[in-house]
Each structure stands twice: as structure tokens, then as C-alpha cells.
Amino acid sequence: KNEVEQSPQNLTAQEGEFITINCSYSVGISALHWLQQHPGGGIVSLFMLSSGKKKHGRLIATINIQEKHSSLHITASHPRDSAVYICAVSSRGQKLVFGQGTRLTINP
Amino acid sequence: KAGVTQTPRYLIKTRGQQVTLSCSPISGHRSVSWYQQTPGQGLQFLFEYFSETQRNKGNFPGRFSGRQFSNSRSEMNVSTLELGDSALYLCASSLGTGQGIETQYFGPGTRLLVL
């Protein structure tokens, strides 16, 4: 079993829909990271969480430390949100352990 | 501030050759981490350098090595290339407190194809 599991692996939705991507982990962590990867490979860090909830524009990330679970929500989704979303965890040090990613496609 | 830069962006090599990839971190960042991304294995941690010392290492064979210079720029080297080394190699920089609670800033990656 992978240390970091994401669901769903693929998600297709219509523009405007509310999107939820889930991440579960099985190890002790210092922080959980949500990353976005567009075609071409570049990775952008969206959030780093160690507790609670963070919001940036239409993106919201939550984490439940006791349940070892995090969710990434996108409100009012737009075709430009189409990308691969990756959950990763870090413990001591800079090493990131990654989930397998969720490929999100938003159709106009 | 300028972002993380990686050179070259694309590279084609043949089996048995060696390759050196370069990463320049964001100014002021002292930690550089390297990751390999393949369709089969996803993203995997290779190693991290801080103040010219390897601070953490992933589960890769000794053919994969790296170093960091006094200006925090880092290089990774892969010797005796194998077909399975074809991948996107990403580096990421951060301030480097070592507590695992820092945002990492990724470069655009070097896409390596081994023929």
C-alpha cells in the first residue's frame, strides 16, 4: 500500500461544478502539500498545510490530522483548472512523498 | 525574484552514456531537492542538498549522484544510463530549515530520453 493515496485518479466535470479531490496518508507528517502540474511538466505549489484549512481564490484545502486525510476543493471550476493535482507529504527534512495524482478535466 | 531554473530542458542520450543536469535555485534558498517523474512510478525523491552536503537520499542506485556548490546551485549526474532512466527530472528549492514545513518551488524540469 502506498504511503499516500489519492482519489479519484481521473475526474471529468463541467465548467462551474464544485470539485473535490481526496488524499489519505499512512505516515506521520510535518506538512501536507497540494501541487498542480500542467501539461509540459511544470509543478506549482498550491498549498502547504499542517492543520485546519487554507483558501486561495477558488481553491480550498483542508486537513484532518487525526484521520490522516486532506481534501482539495475547487469552486466554480473553469477549463483552465484542467491539470494533474498531486498530494504530497513531508516529515522531517525536505523529502516529499507523493500520491499518484488526480487528472482533472473541466469541459466548457 | 527569478524562479528555479534547470538546464538543459531536453536531452537525448544513448544507453551507457552519462548525463549531468543543472539546477539554479531561487536566490536565498539553500536547499535543493531532486525528483524523478516517470509514467510508471510517478514522482520519486532522489536526494536533497543543503549547504553543499547531501542531507537526505531516496532509494535510487549509486549511478545517481549529485552535488551542490557554494552558491547553492546543484547538479545531478546519472552514469551508465539505462532505458528506464528516461524521465522528467525536477529540482525544487526551499529555504532549508529541514523541518519539513517549507514550500518547495519547482523548476520546469529536464526531460531525458535514453535510447
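For the structure given in this document, a descriptive report is provided here. Since we're looking at a predicted model, the values are computed, not measured.

The final tally for this structure, using the stated rule, is five aromatic pairs over all chains. An angle of 70° between the planes, with centres 5.6 Å apart, marks the rings of Phe-47 of chain B and Tyr-49 of chain B as edge-to-face. Summarising the burial analysis for this pair, Phe-47 of chain B and Tyr-49 of chain B share the class buried. Taken together, the ring pairs in this structure connect Phe-98 of chain A together with Tyr-35, Phe-45 and Phe-106 of chain B into an aromatic cluster. Over the face of the ring belonging to Phe-50 of chain B we find Arg-55 of chain B, whose NZ or CZ atom lies 4.3 Å from the ring centre.

Let us look at the side chain of Ser-74 of chain B. Residues and elements named next belong to chain B. Structurally, Ser-74 can be placed in strand S8 (residues 74–78). Ser-74 sits in the buried class, given a relative accessible area of 0%. Not counting chain neighbours up to four residues away, the residues in contact with Ser-74 comprise Leu-21, Ser-22, Cys-23, Val-32, Trp-34, Tyr-49, Arg-67 and Gln-68.

Before going further, it helps to spend a moment on the sheet that holds strand S6 (residues 52–56) of chain A. All names here are of chain A. The five strands are arranged S1-S3-S8-S7-S6 in an open sheet whose pairing can be described as antiparallel. At either margin of the open sheet sits one strand with a lone partner, and together these are strand S1 (4–7) and S6. With strand direction ignored, the average angle separating the axes of adjacent strands in the sheet is 15°.

Calculation notes
Residues numbered from 1 in each chain as written. Chains lettered and ligands numbered in written order. Predicted model: local features only at pLDDT ≥ 70, side-chain atom pairs only at ≥ 80, totals over all residues. Heavy atoms only, no water. Phe/Tyr/Trp six-rings, centres within 6.5 Å; stacked < 30°, edge-to-face > 60°. Buried < 20%, exposed > 50% of the residue type's maximum accessible area, 1.4 Å probe, protein only. Lys NZ or Arg CZ within 6 Å of the ring centre and 35° of its normal. Helix = DSSP H or I, 4+ residues; strand = E, 2+ residues; numbered from the N terminus. Contact = heavy atoms within 4.5 Å. Pairing = 2+ DSSP bridges. Axes fitted to C-alpha atoms, helices over the stretch in contact; angles between N-to-C directions.

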